[in-house]
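Residues per chain, in single letters:
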Amino acid sequence: MSSAVSAMKIHQPLPLPTTATRSPETPLFDPFKSNSSFLGSTHKLRINSLKSASSGYRRSAVVAVSDVVKEKKLNNSSMVNLITKEEGLELYEDMVLGRAFEDMCAQMYYRGKMFGFVHLYNGQEAVSTGFIKLLKKEDSVCSTYRDHVHALSKGVPARAVMSELFGKTTGCCRGQGGSMHMFSKEHNVLGGFAFIGEGIPVATGAAFSSKYRREVLKEADCDHVTVAFFGDGTSNNGQFFECLNMAALWKLPIIFVVENNLWAIGMSHLRATSDPEIWKKGPAFGMPGVHVDGMDVLKVREVAKEAVGRARRGEGPTLVECETYRFRGHSLADPDELRDPAEKAHYAKRDPITALKKYMTENNLASEAELKAIEKKIDELIEEAVEFADASPHPSRSQLLQNVFADPKGFGIGPDGKYRCEDPKFTEGTAHV
Amino acid sequence: MVAIIQGIGAATALSSSSSFDSKGFQLSTVKYFPERKATSFVVRSDGRLIPGSNLKARNVSGRLVTNAVAAKADTSATSTASKPGHELLLFEALREGLEEEMDRDPRVCVIGEDVGHYGGSYKVTKDLAPKYGDLRVLDTPIAENSFTGMAVGAAMTGLRPIVEGMNMGFLLLAYNQISNNCGMLHYTSGGQFTIPVVIRGPGGVGRQLGAEHSQRLESYFQSIPGIQMVACSTPYNAKGLMKAAIRSENPVILFEHVLLYNLKERIPDEEYVLSLEEAEMVRPGEHITILTYSRMRYHVMQAAKTLVNKGYDPEVIDIRSLKPFDLYTIGNSIKKTHRVLIVEECMRTGGIGASLTAAINENFHDYLDAPVMCLSSQDVPTPYAGTLEEWTVVQPAQIVTAVEQLCQ
């Protein structure tokens, strides 16, 4: 098999007093079977060819866990106990919502209703649903530019997100943020960031707030956790490492979720990363690192339960690497020519929604009709969201200067001695500032 | 260097009332926002006090220093107020302001390198960690971008953090977070999240600290929308601006100067908060308006001594608010003197002076009798050698020459 690393020894996680990580029994990458001297030059590396050699991989959902996160032997027979019918329907509905919404986004984009950079989440729904459906309203979620579905899963109404994408005042950010900046104070969605890595410190800050409330402000029941979502490309960024350090150092209630979809626009993860196993970077900083199959919502949910539980108990952060895949290009402007069709087909077979549907029907948790009804309901919801967004007004001129400052005195004092924001033209948006 | 301005000395403009009337413009009533609390007083640069301000045992107007020429600190003790106040150094004033705000609001916390156990590399946070705990005065690892971002995230979720850059120059590493998140998140979230952070630290050219420790970041940050920038120069305004910045809902960058931390001044015992958007009248005059801030204020006042001896009467304004500019105070002055000299420590290119020149030309062109002159530091990385370093920043002699040239 072709190897991702050349001439490197297998990384053993550092033996740390707090967490001990088990090395994978079935290594994803075998360094001794390298046929490439320089990784960067190999553009034919395909993840599925790596996996075929490690036979144990597909059966075990969790490849590498720490002692704290117990490994669950997941096979079909034990999965029956994983979710109840209600939970299953909730997960199904959330994933269908995410998928239908993103598909509608693509339609609307090509019809000229939204512009700019739009990054769709098709194929990765299991990660968002698996984690966010375990959270409370007060818990925070921080994302990247691929944030529509995170916002939807957290509870932001579809009509608010669609309006925001259309750039209307009724959008969740009044039309001022756009696709890459979804925020919701009510649902504690902290964004929506255009630069990768930028949101991780913000998530760390939210986790710091939670700890501060508990220990300094003495709000004893404050156990809010923060989940930070980001991609494989981000895991090579300095802010990622700096935040792993601080979160582990101060035992912040945060979960770092790497949505490893193997591609950062056109850069294969294997070409960009010296050690592609991102979960290993957790133990290096003193926190558990977990790898999970991100195309299976139930497995993600199991890992998420452990990680969220850890954070709530004050035991500190966890790094979870979800192996997932985006069915569409990086953005709607991406021609997506670099990815091997075989790879895409491989992952299309593991569509999380189809998988959950199959699981639920096979285990008699729901009938086809019930699931169809959910799909219909979601379709109607999305249609309604589009209608709402279409009917909503565009922002007026007067909105231009609002929200620049929380305290508009920040615009300063004009030559006439009055604060600029007192100028009536200010609210009209025509004032000179 | 000595503190020139004492307590209420900022209100000296009232004395030269004739100059206000002569041009015929009126001081329009300034409306204030209802949420401004009257628990402390705020002094405007024209000497007026906010209605409802706390005037307990002082009769301010009768105690103004009418001619705040460069003077030693010991002779100025009489001018501060009926109460003697207390004397302290600038870094202690900053600490006092910080401590008062931390006492007042438990959500105020400090984040930075060596702010806790070490007490701050310039001792601004000395003894605060033992008092408030290690979480409220947080010693961070050396990761400016991330801990600044962490402060932004904490601010979004309800805390009021103060980020200390050990040296302002280090905050270049945090530029991503300051520009994208600090400045913009309130807007891109449609007003949902406020970011009440204060980012502060010492900058400016010190004594042979080398190029990278002698940076003036005010010019780099000034274009960022959504932030305010202020520069303190005396213990009095340091404390007042620190408190104002902490109380502000906007992200504020407070620029301190490495060489000004040991300035001594007598400041009032009562609580006071200064306005973040206003400039400070240091010395009223007739012939020329000199606009300055931070350390250059002292070079200007030194030059003013020489100028006064030569028969000139410069009006010196410490602009304090680097973004936004207080065009009212500045404008009134220009309308009186018709000549402007800007003295700053920023680089020549794209500095605060450059922006200020543009703003003045745009707004007050008709009132100028001469082109606006701007004295800035040379566009060079600050050299280590003492002689070279001296020549990179503006010295009093150059200021005198410039004034003489402008006033011909």
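Residues numbered from 1 in each chain as written. Chains lettered and ligands numbered in written order. Predicted model: local features only at pLDDT ≥ 70, side-chain atom pairs only at ≥ 80, totals over all residues. Heavy atoms only, no water.

Naming follows an unreviewed UniProt entry, where chain B appears as pyruvate dehydrogenase (acetyl-transferring) of Protea cynaroides. Recorded in UniProt under Subunit (unreviewed entry), the annotation for chain B is "Tetramer of 2 alpha and 2 beta subunits." (UniProt positions renumbered as here; feature names shortened; annotations may be inferred.)

An unreviewed UniProt entry annotates chain A as Pyruvate dehydrogenase E1 component subunit alpha originating from Protea cynaroides. Of chain A, the UniProt comment under Function (unreviewed entry) reads exactly: "The pyruvate dehydrogenase complex catalyzes the overall conversion of pyruvate to acetyl-CoA and CO(2). It contains multiple copies of three enzymatic components: pyruvate dehydrogenase (E1), dihydrolipoamide acetyltransferase (E2) and lipoamide dehydrogenase (E3)."

Asker: How would you explain the overall build of chain B if you had to name every residue and give the values?
Answerer: For chain B, the count of helices and strands is 13 helices and 14 strands. In chain B, which comprises 408 residues, the proportion classed as buried is 64%. Nonlocal contacts in chain B, meaning residues at least 24 apart in sequence, comprise 81% of its contacts between residues at least 6 apart. (Helix = DSSP H or I, 4+ residues; strand = E, 2+ residues; numbered from the N terminus. Buried < 20%, exposed > 50% of the residue type's maximum accessible area, 1.4 Å probe, protein only. Contact = heavy atoms within 4.5 Å.)

Asker: Help me get a handle on the sheet that holds strand β3 (residues 254–260) of chain A, residues and values and all.
Answerer: Residues and elements named next belong to chain A. Here we have 5 strands laid out as an open sheet, ordered β1-β2-β3-β7-β6, and parallel in their pairing. Every other strand in the sheet has two partners, leaving β1 (140–142) and β6 (289–293) as the edge strands with one partner each. Each strand axis lies, on average, 20 degrees off the axis of its neighbour in the sheet, ignoring direction. Two elements, β6 and strand β7 (residues 318–323), share 5 bridges in a ladder whose sense is parallel. (Pairing = 2+ DSSP bridges. Axes fitted to C-alpha atoms, helices over the stretch in contact; angles between N-to-C directions.)

Asker: Describe the UniProt feature "coiled-coil region" (unreviewed entry) in chain A, and please don't skip the residues or the numbers.
Answerer: The UniProt record marks residues 364–391 of chain A with the feature "coiled-coil region" (unreviewed entry), using the residue numbering of this structure. Overall, residues 364–391 of chain A shows 86% helix and 0% strand. The separation of its end C-alpha atoms is 42 Å.

Asker: Let's hear about the packing of aromatic side chains: which residues, and what values?
Answerer: To describe a pair of aromatic rings, you give the distance between the ring centres and the angle between the ring planes. Summed over the entire model, instances satisfying the criterion amount to 13 aromatic pairs over all chains. Aromatic side chains A:F183 and A:F193 sit 6.1 Å apart centroid to centroid with 75 degrees between the ring planes, which places their arrangement in the edge-to-face category. Separated by 10 residues along the polypeptide, A:F183 in the loop between α6 (158–166) and α7 (199–215) and A:F193 in the loop between α6 and α7 bring together distant segments of the chain. Judged by its relative accessible area of 1%, A:F183 is buried. Between the aromatic rings of A:F405 and A:F411, the centroid separation amounts to 5.0 Å while the plane-to-plane angle is 90 degrees, which identifies the pairing as edge-to-face. Here a set of aromatic residues connected by ring pairs shows up, and it is made of A:F230, A:F240, A:F241 and A:F285. Over the ring of B:Y118 we find B:K123; its NZ or CZ atom is 4.4 Å from the centre of that ring. (Phe/Tyr/Trp six-rings, centres within 6.5 Å; stacked < 30°, edge-to-face > 60°. Lys NZ or Arg CZ within 6 Å of the ring centre and 35° of its normal.)

Asker: Before we move on, can you summarise the sheet that holds strand β3 (residues 137–139) of chain B with the specific residues and values?
Answerer: Residues and elements named next belong to chain B. Ordered in space as β3-β2-β4-β5-β7-β6-β12, the 7 strands form an open sheet in which the pairing is mixed. At either margin of the open sheet sits one strand with a lone partner, and together these are β3 and β12 (321–323). The mean inter-strand angle of the sheet, taken between neighbouring strand axes irrespective of direction, is 20 degrees. Examined bridge by bridge, strand β4 (residues 160–164) and strand β5 (residues 198–203) share 3 bridges and lie parallel to one another. Paired with I162 across the bridge in β5 is V198. Packing of helix α4 (residues 144–156) onto the sheet brings it into contact with β2 (108–112), β3, β4 and β5, and relative to β4 it is tilted by some 165 degrees.

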